Each structure stands twice: as C-alpha cells, then as structure tokens.
Amino acid sequence: MSKKWVYLFREGDATMRDLLGGKGAGVAEMTRTGVPVPPGFTITTEACNTYYDVGQQFPEGLWDQVIAAMKDLEVQTGKTFGDPANPLLVAVRSGAKFSMPGMMDTVLNLGLNQATREGLAQLTDNPRFAADAYRRFVQLFGKIVLGVDGERFEHVLDEAKGHGQRQDTDLSAEELTKIAETFKGIIREEAGVEFPEDPYEQLREAIAAVFRSWNGRRARDYRRINKIADSLGTGVNVQSMVFGNMGNDSATGVAFTRNPSTGDSAIFGEYLVNAQGEDVVAGVRTPQPISRLQETMPEVYAEFATIAKQLEQHYHDVQDVEFTIERGKLWMLQTRAGKRTGAAAVKIAVDLAHEGVIDKATAVQRVDPHALDQLLHPMIDPEARKTATVLTTGLPASPGAASGKAVFDPDEAELLANTGEKVVLIRVETAPEDFHGMVAAQAILTARGGMTSHAAVVARGMGKPCVAGAGELRVSYADQSVSVGSVTIRKGDWVTLDGGTGEIFAGAMPTVEPELSEDFAELMSWADEIRTMGVRANADVPNDAEVARQFGAEGIGLCRTEHMFFEGDRIDAVREMILADTVEERRAALAKIEPLQQSDFEGLFRAMDGLPVTIRTLDPPLHEFLPHDDHEIEALAAKFGADPRRVKIKVESLREANPMLGFRGCRLGIIYPEITEMQARAIFKAAVAVKREGVDVHPEVMIPLVGHLSELKPQEELVRKVAAEVFAEAGIEIPYLVGTMIELPRAALTADEIAGVAEFFSFGTNDLTQTALGLSRDDAGRFLPLYVERKIMADDPFQTIDQRGVGQLVQMGTERGRSTRPNLKVGICGEHGGDPASVVFFHQVGLNYVSCSPYRVPIARLAAAQAAIGDAKRDK
Ligand code: PEP
Ligand code: MG
C-alpha cells in the first residue's frame, strides 16, 4: 500500500499543521468541532516535498487517493464532478505550515467546462452567474496553471468594462462568455495548448501548479524574509465551492475576531456583497465594514459572530477567518491565528490574560519580540503636523510614519533602496508579485483595496507603515506620477505617510518617538517577573542612559568612551594627544580631556543611580580621530601652530593596513598608560563627586580586546592604583569592579587564566564574530547579504549569533572563567544583545545579562522572559 497522501477534512485536526499545513489543519479542526465548512480534503506537505524529490512528478498513489477523495466529496455534496446535470466544483488552494498570505497560488471554480457551465446556468437559473464563474476559472487557470501573463486577461476585461466606465457586475452573460472565449484564444496563443475540458485533467494540473508555486519567486522571497524553511512544503486543499456571488443574498468576507491594527476587542472585518472569494483579498473593489452585515443580514451576522468567538475561545487566540454567504447560508472557509501589529499583539495578549483565556506566561510568549520594534516606531512630529496640509486620506492599514521618494514600480523600489535611498512604493493596488518592492520600501501606499487587501496584510506583517484604498489618488504608471486634485507627485518627489491615521502628505516630515501604552508596561512587568537574565543598555551619553532606563535597562553594559570625543571642540584636544611626541605633551593634552570625560561620567552615574555602569577604556585605532585629506591636515596644523609636514608624517605613520587587528583596544593603554590613567581618574573622580551628591554609584571599568592575561594585568593594576589615589585624596571609598571584554578567541580559550584577574567578563560579540570567523566587520557588507540569500549562512552572523561557532566560544569562555571564579559576572554587549534569537541562546548559556541599544531593551527583556519560559517547559 502506498503512503497516505490525502486526508479528508474530517480525518484531520489542529495538531496536524506540519502535515496538512495551517489552512488544512484549520479547516479540519473546524469540521471536527461542527463549524459549517464546505467539505474537502488536503494533500499533505509530504506529498509536495516528494513531488520535488522525484523530479516534479506526483508521488506514487497520490492520484488514486485524490480520485477516491473526490468520490467522497461527491457523496457528501450530492453533486458529481464533471456532471452537467449537477456539477461539483472545487477550489484548489495552497496552504503551508506558516501562513504566507498571497504568496502561493489558488484556483477557483475548477470543474467547469462548456457542458458544466451550461448545467450550472440551468441549475441556478442564473446564466450570468455561470458565465462569470467560467470566465474567472479560465482566467485563473490560464494565469496560474498555464503560466499566461495575467495582464493580457486584465487588458481584455478592462476594455470590456470601458476602462473603468462599468464594474465587473455590469457585464452580461453574453459578454462574459465572449470574454472567456477570448481568454481561451490567448491561452492557445501564449501557452500553445487548448484549455482542458476534462475536469480531472484540470484538477491534476492545478494540484501540480500549487506544488510549483511553493518554489515561485515571491514564495521564496517571503520565506527568506520571514525565515521560513524551504523544506516545509505546501499542502494543497481541494474544497467544494460555495459561491458568494449568487446575488444580493450572497457575500464573501474576511474578518478578525479582534482588531488586528489596534487590538480592540470588537470583531473587525470586511465583506463584499455578490462577490467571489479572492475579490476581498485582491482589493479589486473597496469592501464594506462587517458592522454593515449586522444591519443587512442580522441572522447570518449573529451566527457568524457566535462562530468567530467560539473559534477564538477554542484556539485561545485571535482568529483571522474567511467566510462566504451563499444565498443566505453561512460557510466558514478558513481560520488561522490573525497576524497583527505589535501594538495589537500587546493589547490582545494582555486582554486575553485579563479575560482568563490565557495565563501571563502565555501572554508573554504571544508577542514576538521583533514586533515591539513597531511600538517603538516613529510618528509624525505633532508640531510639524499642525501646519501641514493633508493631501488625502486612505485607510490606516499599518501603523508608523515614514517618508521617502515616490516610486511606482517594485523593481525600481528595490534598485533605489539598494543604493541607500528611502522610497515609498505607490501602487493602484499591490499584488503578491510586488513583494520585493514592498520589502525595499519605507512605506506602501495604494489607491485601491481595503484593510485586508494584500498591501495591508503584508505591510502589517513586516511592520511597515501602509495606507491603503486612498481612493482620491489618480495613479499613472505611464507618467510615473500620482495626483490628487491639482497636486501631482512625480517619481522622486518626497512623500510622507502616516499608517496609523491613513494620512498622506507631500514632502518629507520630521518624526518623533511614540509613547508606550499601559498594556505594554503591564506585559513588560510580567516579562520581568519571569525572566532570570538581566538586561542592560549600551549608552555613551547621559541622554541615552535616561532613555535606556525608561525602557527598563538595569544598568549600562557598555559605555564606549571614545564616542564622547567628537562632541563640540573636544576633538582638538584628542588630536593633540594623538599627535604628541613626548609623554609630557601627551599628558598635557589628556589633562584637557579629563574634566570633560569626568562630567560625562557624572551624568551617566546620575542617570543610573543605584545601577551598575560599565565604562570601557579607549578602544578604536587612533587614526580614526585624525583628519585624512591634505586640506584638513593643514587646517589642523595651523590650529596647533605645527608644521603641516610633520603632522602629515604623523598621520601617515598611524595608518594601518588592518586597523581592526592593529593598534587598538588595550594595546593603546599598554603602550600609552597615561591614557588609561586619565580615563580611570575621570571615572573615579566622577564617582566621588556624585557620591557626595547622594547618588548610589557602581562603576565597573572594562578593558577591551584582551587576548593575554599579561595584557589585562598591567591595565588592571593601573586602574586600581588610580582608584586608590583618588579615594585617598577624597577620603571616600567606593566599591568598583575591574573586568574585561572577551572579544578574541584566545581570550575565550584562556578565560580561566583571565578570570584570575577579571572580576567580570563582557563578551564583545561584534569583534568575537569578526575574529572567530575571519570576517571583517567593515567589509562583509559586500557579500554577506548574498551569503544569506543563497543560504550559505542562515543569518548574518553580525545580527544573530553564530551559535555553532562563536556560540561555543561564548559558552567555553563562560565555563572556563567560572571554573576559576565561580561568581564571575558574565554579560554580552555586542549587537547580538538585542537580537531575540541570540538573547535566548545567551540565556541558555547562563549569562548574567545582555546589553543592547536603548530601543532594543524591551525586546531583550521580552526575549529573555520567553527563554525562561522555554526552560520551564523543558523541565516539565
Ligand atoms: C564588540 O566588539 O562586540 C563590542 C561591543 O565592541 P565594539 O563594537 O565597540 O568593538
Ligand atoms: Mg569590540
């Protein structure tokens, strides 16, 4: 017997997502729980994978099982596939484990041919309906299964409608029949085949086309962006058709059990009367809000609302449902967890916990840490908004504000974005083919389509601002422009969108950061109760430290002291220090910098009252602070009254072939101890000064880029000597720590030795990645994106920690360090500290804290909590 490739809906359930795909498992579960679902069956994702394994052939036994399942459908519906007297028609839909909205293909009304079309016309007593169903089927089948350019069909349709003079619904049965015949001619011409009359041949080809769409460009792009594995495969759902376009007592719609933009608890959705399935999603006509259904078909609405809430309770989560009303009878076509904005995710999780549907830990797990990024998204500066004129308003499809240059073509959006331009993609409506352009754009604007249109759903998923259905816009692809009234925006002109209000402005506008909601604060407090790993911030100036503290940072994990060197005219003293020939000259220049550093440190200590502040001694190669061209060198020499030739020679002498591996890090402080001495003095004098004000100060001095214990030792001794001097002078003792960064493989390997001196470790995973992978931080941008695209590396290792490689160094360094000093405090302050997947790994390795940029602190807090919940689950 061959493997089971086909499951009737009644044979599956919600746990079978891997095998049946999300859609298949969803309809199976609905069927099982008694929700009205048109009968059907699912071809497994394994069948899709095997189809590819055996050279794009149906796996053995699949077709027989499909035929048997079709017989079952015939029994259940009382209709017969291909029988003109009472034809069974089916939809063939894709459905992978993870929802990929609009990225794969679907064919509707399959089973129609000349004979069944006439049969359908008689049976429904509605020739226009039958002709329209046939027209749609030929069009979809031609485009999706036979690969004919969809534009050619659209062109014919557009002409028949008098270029916007008439609607789809105005076309007569005769006109529609003629259009379908023209379509068949186009198919003959373009695909070189006759449109298949045999329903089973149609079915076989459609199933193969859905398998193929798994590897279509947009599906592959979507998987790459959303990190969905290529190996999952798609399920294929074959479901008996129900029709939302059988008159004014029929409709089709999409709804969420709660508002996916705001999280508001009322049912939210849209529907179109007398329309078929994909019309809503494709945004062809702008639909009606679901509240209207309550007025026009109150009984159907009541049943729908009951089922919607039932599904939400059943799944303990917001559902995104598709439904069709066929002559007053409600059918549910699909249910899945609703995609939502970051703001909605937080509100829904908190509300569901308050309603007792889920517990706090589940609420914490429900919010994707990346989604918090959206909450922290900029909004248009309210001051600038006061004087700005709104060009027009569309639907607020996805929140956040952004400006960019107008572009009208997705390829062009991608090209320009690759050159570093900010672009806003403007389309009449978006199609899945436009996905790469949407990825590249800052924001998306469409003239047509509703809140559940393709543009809206995809933009929300990506957390990009989107305004949809701005009906006053006249978009011309030919002129590459859009106009509203007398205003015209051309390609390259700046526009600003507010995806939270739907407003559109000409020109670029300033933006401000949003305020965080009470729900957000509550969810974060639950995360803090659960997590065991600390979260600090990388902050160099007092202002950043304050922001970090507001976001919940529990200290500063890295202050890069050199970032203060560029403020005001400090750079002059820094340059003087670098160009000095003698120790005395250098000390004199350092003496000018010391009070400035001290006052910065005081600011940091005050902002972090009661919390630890890790300050790193000077790290970057010195030439980074020097001028490079002759003109600048001359200006600098003139400033110091020095000989320009001498300055030039000095600058030349500091140039390095490989500065990242050159004279930097602790090497600077070892060769020029007076630099470390000055910085240590500034740190401890600042500590003493704020202590006298009553600030609870916890300084931690960190030595960078150590590879040998013998490098750390002299620096540590120097820091302690200065501390003792400052404390003796002030008559105050302040507890402090001296530790090191672990950012060279040798440091991780010899961590047991290093921990003999270091009181704490902080993994500098930026440099550790660079040095472990032999991958330059500054030059990898040229090829790393291609590496990721071609899956040579799963992720950019500078964004997400390379667990197999660099991760081992982190783990080993931590273990070896703690073998010498069991209470060694270990953190990480590379960029990975704000990356959710990396944070989970650091938790598992047992680090005490991660440190990341202030805006990523909430993300790290949430990810750390989720990691702790993961532990608890594993322990059970
Ligand atoms: C690191 O290397 O990870 C680090 C935090 O230091 P920097 O990025 O300043 O080199
Ligand atoms: Mg570093």
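All figures in this text were calculated on a predicted structure; none of them were measured in a lab.

Analysis parameters
Residues numbered from 1 in each chain as written. Chains lettered and ligands numbered in written order. Predicted model: local features only at pLDDT ≥ 70, side-chain atom pairs only at ≥ 80, totals over all residues. Heavy atoms only, no water. Axes fitted to C-alpha atoms, helices over the stretch in contact; angles between N-to-C directions. Helix = DSSP H or I, 4+ residues; strand = E, 2+ residues; numbered from the N terminus. Parallel < 35°, antiparallel > 145°, perpendicular 65-115°, else oblique. Contact = heavy atoms within 4.5 Å. Nonpolar A, V, L, I, M, F, W, Y, C, P; charged D, E, K, R; others polar. Buried < 20%, exposed > 50% of the residue type's maximum accessible area, 1.4 Å probe, protein only. Arc of directions from axis to C-beta. Polar contact = N/O pair within 3.5 Å; in protein donor to acceptor, adjacent residues only side chain to side chain. Pairing = 2+ DSSP bridges. Donors = N, O, S within 2.8 Å, 3.2 Å for Na, K, Ca; no water. UniProt positions renumbered as here; feature names shortened; annotations may be inferred. Right-handed = clockwise from strand over helix to strand, strands pointing away. Near = heavy atom within 4 Å. Areas by Shrake-Rupley, 256 points an atom, 1.4 Å probe, with all protein chains shown as cover. Domains from an automatic or database assignment.

1. Some remarks on the packing of helix α2 (residues 45–53) against helix α8 (residues 199–213)
Item 1. As a packed pair, α2 and α8 sit with axes 10 Å apart at the nearest point and diverge in direction by 85 degrees. If you check the angle between α2 and α8, you find them roughly perpendicular. Along its contact with α2, which presents A47, C48, Y51 and Y52, the element α8 presents A208, F211 and R212.
Item 2. Its residues assigned to classes, the contact of α2 with α8 comprises six nonpolar, no polar and one charged.

2. So, helix α21 (residues 542–550)
Item 1. Residues of α21 that are buried: A545, V547 and A548. On an axial view of α21, the arc spanned by its buried residues comes to 160 degrees, and they lie on one face. Of the residues in α21, the exposed ones pointing more than 90 degrees away from the buried face are N543 and Q550.
Item 2. Where the residues of α21 are buried, they touch β26 (534–538), β27 (556–560) and α23 (583–607).
Item 3. Phi turns positive one or two residues past the end of α21, at G552, with a value near 100 degrees.

3. Here's the deal with the side chain of T116
Item 1. With respect to the element layout, T116 can be found in helix α4 (residues 114–124).
Item 2. Among the polar contacts made by the side chain of T116, one reaches the main-chain carbonyl oxygen of G111 at a distance of 3.1 Å.
Item 3. Excluding anything up to four places from it in sequence, T116 contacts G82, D83, P84, P87 and G111.

4. Quick look at the sheet that holds strand β21 (residues 481–484)
Item 1. With respect to topology, three strands assemble into an open sheet ordered β20-β21-β22, the strand pairing being antiparallel. Every interior strand has two partners, whereas the edge strands, β20 (474–476) and β22 (487–490), have only one. On average, each strand axis in the sheet is inclined to that of its neighbour by 20 degrees, with strand direction left out of account.
Item 2. Direction of pairing for β21 relative to β22: antiparallel, over a ladder of four bridges. Looking across to β22, one finds that V484 is bridged to V487.

5. Observations concerning the coordination of the magnesium ion (ligand 2)
Ideal geometry at a metal gives 109.5 degrees between four tetrahedral donors and either 90 or 180 degrees between six octahedral ones.
Item 1. Those protein atoms acting as donors to the magnesium ion (ligand 2) are E743 (OE) and D767 (OD), and they sit at 2.0 to 2.2 Å. Highlighted residues: E743 in the loop between β30 (737–742) and α29 (745–749) and D767 in helix α31 (residues 765–773), separated in sequence by 24 residues. Each member of the pair, E743 as well as D767, carries the same accessibility label: buried.

6. What about the UniProt feature "domain: Pyruvate phosphate dikinase AMP/ATP-binding" (unreviewed entry) in the protein chain?
Item 1. The sites that UniProt annotates as "domain: Pyruvate phosphate dikinase AMP/ATP-binding" (unreviewed entry) are residues 18–54, 56–295 and 302–351.
Item 2. Helix and strand shares over residues 18–54 are 65% and 11% respectively, and the end C-alpha atoms of the span are 21 Å apart.
Item 3. Annotation note: span residues 302–351, helix share 48%, strand share 34%, distance between end C-alpha atoms 23 Å.

7. What about the pairing of strand β17 (residues 423–427)?
Item 1. Counted residue by residue, β17 has five buried out of five residues, so it is predominantly covered.
Item 2. Taking every second residue as pointing to the same face, both faces of β17 are buried, with V423, L425 and R427 on one and V424 and I426 on the other.
Item 3. In this sheet, β17 lies alongside strand β16 (residues 401–407) in parallel orientation, the contact comprising three bridges. Residue pairing in the sheet places A406 in a bridge with V424 of β17.
Item 4. In this view, the connection linking β16 to its parallel neighbour β17 by way of helix α17 (residues 410–418) has right-handed handedness.

8. Considering the site of ligand 1
Item 1. Within the structure, ligand 1 sits among 14 residues, and R560, G764, N766, D767 and R777 are positioned closest to it.
Item 2. Here R560 contributes a side-chain N or O atom positioned 2.7 Å from an oxygen atom of ligand 1.
Item 3. In this structure, N766 approaches ligand 1 through a main-chain N or O atom, which is 2.7 Å from an oxygen atom.
Item 4. For ligand 1, the accessible surface in isolation is 290 Å², of which the surrounding protein chains cover 95%.
Item 5. Within the residue set of the shell around ligand 1, elements represented by two or more residues are β27 and α31.
Item 6. A per-element tally of the shell around ligand 1 places α31 first, with three residues.
Item 7. Taken together, the residues of the shell around ligand 1 sort by class into three nonpolar, four polar and seven charged.

9. Observations regarding the UniProt feature "binding site: Mg(2+)" (unreviewed entry) in the protein chain
Item 1. Mapped onto this numbering, the UniProt entry annotates "binding site: Mg(2+)" (unreviewed entry) at E743 and D767. The named residues occupy 25 residues along the chain; their greatest pairwise C-alpha distance, 5.3 Å, places them in one compact cluster.
Item 2. Under the relative-accessibility criterion, E743 is labelled buried at 2%.
Item 3. Excluding residues within four positions of it along the chain, E743 makes contact with D619, P704, L705, G764, D767, L768 and T771.
Item 4. Of note is the side chain of E743, whose polar atom sits 2.8 Å from the backbone nitrogen of L705.
Item 5. Dropping the residues within four chain positions of it, D767 is found in contact with M660, R664, L705, E743 and R777.
Item 6. At 2.9 Å, the side chain of D767 forms a polar contact with the side chain of R664.

10. Looking at the domain arrangement of the protein chain
Item 1. Partitioning the protein chain into structural domains gives domain 1 (6–243), domain 2 (244–340), domain 3 (377–512) and domain 4 (531–621 + 656–875).
Item 2. Summarising the inter-unit geometry, the C-alpha centres of domain 1 and domain 4 are found 57 Å apart.

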